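Tertiary structure, described
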Amino acid sequence: MSDQEFEQAKAEVKARAKEAHDAARIIAADGKTINKYWLEDVGDTTKNWEKCTIKFRAKDNGRNYMEWVDIKLDDGTLILSTHYHTNDGFDVHTFRNGAWVERFINYSKEDVIAELERQKQEELQQRLKPFSAIDF
């Protein structure tokens, strides 16, 4: 494998790891936007998904925003370890690619986001209930 092929393969893996990192952020924040209130109230969280434990931590010190993601299997095997920093960019320390990645990304988009939308619609219906049509 040439150096150019190696660098291209590394870039492809890094892009896929970034997708998994972003999915972990969605799952960790239950689909909500991470803002200063989330950082103050939560900051770091642990979630379970299938046979994994997702640890997500975010920090904002005013000049720099940072995120860390670690995903471990129940047996302790680290399958994803990433770090995002506004100045340094995105780093991948560990990424065990496989079929789980697609399921994980789909879960974040289809299940977590869909549940958040369902909750928003339910809340809206409750708020509009006093204004709903009636026939007697």
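We now turn to the structure provided with this report. Keep in mind that what you see is a predicted model, and the values were worked out from it rather than measured.

Some remarks on helix α1 (residues 3–28)
Taking 1.5 Å per residue as the helical rise, α1 with its 26 residues ought to reach 38 Å, and the 37 Å between its terminal C-alpha atoms agrees with that figure. Regarding α1, the residues found buried are Ala17, Ala20, His21, Ala23, Ala24, Ile27 and Ala28. One or two positions beyond α1, positive phi appears at Asp30, with a value near 55°.

Examining the pattern of salt bridges
Summed over the entire model, instances satisfying the criterion amount to seven salt bridges. Lys18 serves as the salt-bridge partner of Asp22, at 2.8 Å between the closest nitrogen and oxygen. Within this pair, Asp22 and its partner Lys18 are both found in helix α1, separated by four residues, close to a single helical turn. For Lys18, a relative accessible area of 25% puts it in the partly exposed group. When the shortest N-O distance is used, the salt bridge between Asp22 and Arg25 registers 3.1 Å. A residue pair is termed a helical-turn pair when its members lie 3 or 4 positions apart in one helix, as Asp22 and Arg25 do in helix α1 at three residues. One network of salt bridges, with partners in common, ties together Lys18, Asp22, Arg25 and Glu67.

Description of the packing of aromatic side chains
In the structure shown here, the tally under the stated rule is five aromatic pairs. Centroid distance Phe95 to Trp100: 6.5 Å. Interplanar angle 65°. Geometry classified as edge-to-face. Residue Phe95 shares its accessibility class with Trp100, and that shared class is buried. The structure contains a cluster of three or more aromatic residues connected by ring pairs, namely Trp49, Phe95, Trp100, Phe104 and Tyr107. Here the guanidinium or amino end of Lys18 rests over the ring plane of Tyr84, the centre of that ring lying 5.5 Å away. The ring centre of Phe90 lies 5.5 Å from the NZ or CZ of Lys18, which sits over that ring.

Topic: a nonpolar patch on the surface
A cluster of nonpolar side chains, namely Leu124, Leu128 and Phe131, defines an oily patch on the protein surface of about 320 Å² accessible area. Within the secondary structure, Phe131 is located in the segment after α3 (99–128). Phe131 gets classed as exposed once you look at its relative accessible area, which sits at 68%.

Cut-offs applied
- Residues numbered from 1 in each chain as written.
- Predicted model: local features only at pLDDT ≥ 70, side-chain atom pairs only at ≥ 80, totals over all residues.
- Heavy atoms only, no water.
- Helix = DSSP H or I, 4+ residues; strand = E, 2+ residues; numbered from the N terminus.
- Expected span 1.5 Å × (residues − 1).
- Buried < 20%, exposed > 50% of the residue type's maximum accessible area, 1.4 Å probe, protein only.
- Salt bridge = Lys/Arg side-chain N within 4 Å of Asp/Glu carboxyl O.
- Phe/Tyr/Trp six-rings, centres within 6.5 Å; stacked < 30°, edge-to-face > 60°.
- Lys NZ or Arg CZ within 6 Å of the ring centre and 35° of its normal.
- Patch = residues over 30% accessible without salt bridge, like charges linked within 9 Å, V, L, I, M, F, W, Y side chains within 5 Å.
- Areas by Shrake-Rupley, 256 points an atom, 1.4 Å probe, with all protein chains shown as cover.

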